[in-house]
Amino acid sequence: MHNLLELQTAFAGAVLRAPEPALLRTIVDDGIAAEARLAIYRNHYRITLEEALAATFPVTRQLVGSAFFATAAERFVSVTPPTAPCLFEYGAGFAAFLASLPELASYRFVPGVARLEWGFNLAYHSADHRPLAAADFAALAADAYAGLRLRLAPSAILFASRHPALAIWQAHSEAADVGAMRMDGGPCRLLLLRQDEALGWRELDAAELAFLAALRRGRTLEQAHAAALRCEMPFDLTAAFGRLLAEGSLAGIDSPAETGGSQ
Amino acid sequence: MRPLATSSLPARASAGIGLRDPHRVEVEERRPPVGFLEVHAENYLCGGPRGRALERLAGDYPLSVHAVGLSLGSAAGIDVRHLERVAALVDRLAPALVSEHLSWSGAANAYLNDLLPLPYTEEALAIVARNIDRVQSRLARRILVENPSVYLRFGHSTIPEPEFLAELVSRTDCGILFDVNNLYVNQRNHGLDPLDYMRGLPAAAVGELHLAGHHVNDADGRAILIDDHGAPVCAAVWRLYAQAVRRFPEASTLIEWDCRLPPLAELLAEAAEADFRRAQALAAENSDAQSA
């Protein structure tokens, strides 16, 4: 236990679970027991990460209530420690964890709202990009488009839920106008995007979601178009392309052709 | 060993404040006259409004990048991915100061979101020195290493903390960030002699002083001071600060708050008080020297 690697492994175990006797024996007990000293670190870990989750998932917390949220967050942080030091990156698995809780079995929309909040968090903190403009395409030959791979902005996040997650979020969020809430509304498909300093979103139909998801996976424009058409609903490629340019959600062109290279 | 780029502010710079997100817009609008702004590196390893605001502020203020997640004390070594992200931020901001803590934060791929205590042994000294070397050579500059607040001590520690820091300075050419409140917290919790501690630090290496408040908690039926940066600087810490200023006259001072954040005006008032007390302590030092 006097080896530093062993000591740190045991200490991490004490923070996440409970201390081993061998670790307790390494700690000077001068009036405050070793367990009580370790509990200071255990509490700090739990409280600061619960606060981080509460900051990232404020509407989820409102929906389930602060007491249930605290219990769920405590269970999550004990089994899912952060793997990196940036707290705004902590909580990627929280929505899935909520979906696994039997207590929320009759509230299936809650994990959907949590996923939406995670999407906003990703969009807010993602890397900056220079939006492509029409001029970036000026030199392209007409027959080059089919093979283009358009790179979506890092802050362009695709979101889909079987529940009306956006309407629920809007009804509970200070950041949005409270409108009529439709808990029984249909599925929700969104493109979330950070534009300059603010977060925005727009609704997508199934075809445009399939199109953007294919672009996100690195498919060519032709393949993404085909994915949209498989949804068997009207899809206007030129109009979809125009919307991406206008809102600034394209970050680059990856193409095997000589026009390619990366931006 | 090649000389490292210095990590310092102009001597006699006014005290700085820790820039926290709720104050960001107000600081951008008011541009208060503080000596520098310090940010936690880990809050700015992202795109978006925060990072852009900091780039704008970098034009008007010297910056200090205070890392909390490099885990200089990890036996498993420095997380290269995290070091690369911090290095990119440092490259982008070109801060006057870069600092980290004499502590560790994670093991076995779990980041424990805290500044955890080290045993002060020869083994730990070698590990921390190797990790500091790694960080300094990647950043191509000197970093300041901060004395931590600790809530437990290890029975197998053999090296007093100031000696441990002094040895790191001599092995790695790093500097020291001396946190006055952390020393006070450790003094109260573990019975250290603060003046003895300060005398043990190599004065020329101390490039920055931290001032903050703490919280008194109960552990096992006894009072224990918790360094939560959520209260004004207390009278005892101001008194220690006057001693610290005389011992480390070249170091710049930072007012640090992290929880129960007060209005910006309160941070600015504390920074002004630090400037006043520093001038007073240095004047007393001069008059002592003249009458000696």
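Treat the numbers as computed from the prediction; the structure is a model and nothing was measured. (Residues numbered from 1 in each chain as written. Chains lettered and ligands numbered in written order. Predicted model: local features only at pLDDT ≥ 70, side-chain atom pairs only at ≥ 80, totals over all residues. Heavy atoms only, no water.)

## A short note on the overall build of chain A
Scanning chain A from terminus to terminus reveals eleven helices and five strands. Rg of the C-alpha trace for chain A: 24 Å, well past the compact-globule value of 18 Å for 263 residues, more than 25% over. Taken along its principal axes, the extent of the C-alpha atoms in chain A is 80 × 45 × 30 Å. Restricting the contact set of chain A to residue pairs at least 6 apart, pairs at least 24 apart contribute 66%. As presented, chain A carries roughly 12300 Å² of accessible surface, and 55% of it is formed by carbon and sulfur atoms. For chain A, the centre of its 22 positive side-chain charges and the centre of its 28 negative side-chain charges are spaced 5 Å apart. (Helix = DSSP H or I, 4+ residues; strand = E, 2+ residues; numbered from the N terminus. Rg over C-alpha atoms; globule rule 2.2 N^0.38 Å. Contact = heavy atoms within 4.5 Å. Areas by Shrake-Rupley, 256 points an atom, 1.4 Å probe, with all protein chains shown as cover. Lys, Arg positive; Asp, Glu negative; His and termini not counted. Charge placed at Lys NZ, Arg CZ, Asp CG, Glu CD.)

## Digging into the sheet that holds strand S4 (residues 198-203) of chain A
All names here are of chain A. Taken in spatial order, the three strands of this open sheet run S2-S3-S4, and their pairing is antiparallel. Two strands bound the open sheet, and with one partner strand each, they are strand S2 (157-161) and S4. Sheet twist, expressed as the mean angle between neighbouring strand axes with direction ignored, is 25°. Here six bridges tie strand S3 (residues 188-195) to S4, and the two strands are oriented antiparallel to one another. In the sheet register, Arg 194 faces S4, and the bridge partner there is Leu 199. (Pairing = 2+ DSSP bridges. Axes fitted to C-alpha atoms, helices over the stretch in contact; angles between N-to-C directions.)

## Focus on the domain arrangement of chain A
What the domain assignment reports for chain A is domain 1 (1-107) and domain 2 (129-263). Here the C-alpha centroids of domain 1 of chain A and domain 2 of chain A sit 37 Å apart. (Domains from an automatic or database assignment.)

## Examining unusual backbone geometry
Residues and elements named next belong to chain B. Phi angles above zero are rare outside glycine, and Arg 31 is one such case at about 45°. With respect to the secondary-structure elements, Arg 31 resides in the loop between helix H1 (24-30) and strand S2 (37-40). Residue class for Arg 31 comes out partly exposed when judged on its relative accessible area of 29%. (Buried < 20%, exposed > 50% of the residue type's maximum accessible area, 1.4 Å probe, protein only.)

## Observations concerning the confidence of the model for chain A
Residues and elements named next belong to chain A. With 92% of its residues at a pLDDT of at least 70, chain A reaches an overall mean of 91. By mean pLDDT, the top-scoring element of chain A is helix H6 (residues 94-99) (98), and the lowest-scoring one is helix H8 (residues 165-172) (90). Low pLDDT, under 50, characterises residues 258-263; the predicted model gives this stretch 15 contacts beyond four residues in sequence or across chains. (pLDDT = per-residue confidence, 0-100.)

## Concerning the interface of chain B and chain A
With 48 residues of chain B at the interface, the matching set in chain A holds 44 residues. When chain B packs against chain A, close to 4000 Å² is buried across both sides, 60% of that on carbon and sulfur atoms. Together, Tyr 111, Leu 112 and Asn 113 of chain B form the three largest contributors to the area buried by chain B at its contact with chain A, with a combined 15%. Linking chain B to chain A there are four salt bridges. Note that Asp 30 of chain A is salt-bridged to Arg 153 of chain B, the shortest N-O span being 2.7 Å. Scanning the region where chain B abuts chain A turns up 19 residue pairs in polar contact (both at pLDDT 80 or more). In terms of residue count, the dominant contributor to the side of chain B that touches chain A is strand S6 (residues 110-116) of chain B (seven residues). (Buried area = accessible area lost by both parts, 1.4 Å probe. Salt bridge = Lys/Arg side-chain N within 4 Å of Asp/Glu carboxyl O. Polar contact = N/O pair within 3.5 Å; in protein donor to acceptor, adjacent residues only side chain to side chain.)

## So, the packing of aromatic side chains
Residues and elements named next belong to chain A. Summed over the entire model, instances satisfying the criterion amount to 23 aromatic pairs over all chains. Pairing Phe 94 with Phe 97 gives two aromatic rings, centres 6.4 Å apart and planes at 20°, and the pair type is stacked. Of the two residues, Phe 94 and Phe 97 both sit in helix H6, three residues apart, roughly one turn of that helix. Phe 97 matches Phe 94 in its accessibility class, with the two residues each being buried. Taking the centre distance of 6.3 Å and the plane angle of 85° together, the rings of Tyr 145 and Phe 241 count as edge-to-face. Here the residue Tyr 145 occupies a position in the loop between helix H7 (109-125) and strand S1 (149-152), and Phe 241 occupies one in helix H11 (residues 237-247), the gap between them amounting to 96 residues. What makes Phe 241 buried here is its relative accessible area of 16%. Counting every residue linked through ring pairs, the aromatic cluster contains Phe 57, Phe 69, Phe 76, Tyr 90, Phe 94, Phe 97 and Trp 118. (Phe/Tyr/Trp six-rings, centres within 6.5 Å; stacked < 30°, edge-to-face > 60°.)

## Comments concerning the packing of helix H8 (residues 235-247) of chain B against helix H9 (residues 264-291) of chain B
Residues and elements named next belong to chain B. It is at 9 Å that the axes of H8 and H9 come closest, and there the two elements cross at 55°. Taken together, the axes of H8 and H9 lie oblique to each other. As for how H8 packs across H9, the hand of that crossing is right-handed. Taken together, the residues of H9 that come into contact with H8 (itself represented by Trp 238, Tyr 241, Ala 242, Val 245 and Arg 246) are Glu 270, Glu 273, Ala 274, Arg 277, Arg 278, Ala 281, Leu 282, Ala 284, Glu 285 and Asp 288. (Parallel < 35°, antiparallel > 145°, perpendicular 65-115°, else oblique. Left-handed = near helix turned anticlockwise from the far one by under 90°.)

## Observations concerning helix H2 (residues 49-57) of chain B
Looking only at H2 of chain B, the buried set comprises Pro 49, Arg 50, Gly 51, Ala 53, Leu 54 and Leu 57 of chain B. Elements that come into contact with the buried residues of H2 of chain B comprise H7 and S3 of chain A together with H1, S2, strand S3 (63-66) and helix H3 (80-93) of chain B.

## Side note on the pairing of strand S11 (residues 222-226) of chain B
Residues and elements named next belong to chain B. Here five bridges tie strand S10 (residues 215-219) to S11, and the two strands are oriented antiparallel to one another. The partner of Ala 219 across the bridge, within S11, is Arg 222. Counted along the chain from S10 to the antiparallel partner S11, the turn is two residues long, and its residue Asp 220 has a positive phi close to 55°.

## Some remarks on the nonpolar core
Core analysis: the largest hydrophobic core is formed by 147 residues, its most contacted members being Phe 11 of chain A together with Phe 178 of chain B. By residue number, the principal contributor to this core is helix H3 (residues 34-56) of chain A, which donates nine residues. When residues of this core are assigned to domains, at least three fall in each of domain 1 (1-107) and domain 2 (129-263) of chain A. Contact partners of Phe 11 of chain A, with chain neighbours within four places excluded, come to Leu 23, Leu 38 and Tyr 41 of chain A together with Trp 104, Leu 116, Pro 117, Leu 152 and Phe 154 of chain B. By size, the runner-up hydrophobic cluster in this structure holds 29 residues, among which are Ala 156, Leu 209, Ala 224 and Leu 250 of chain A. (Core = buried A, V, L, I, M, F, W, Y, C linked by side-chain atoms within 4.5 Å.)

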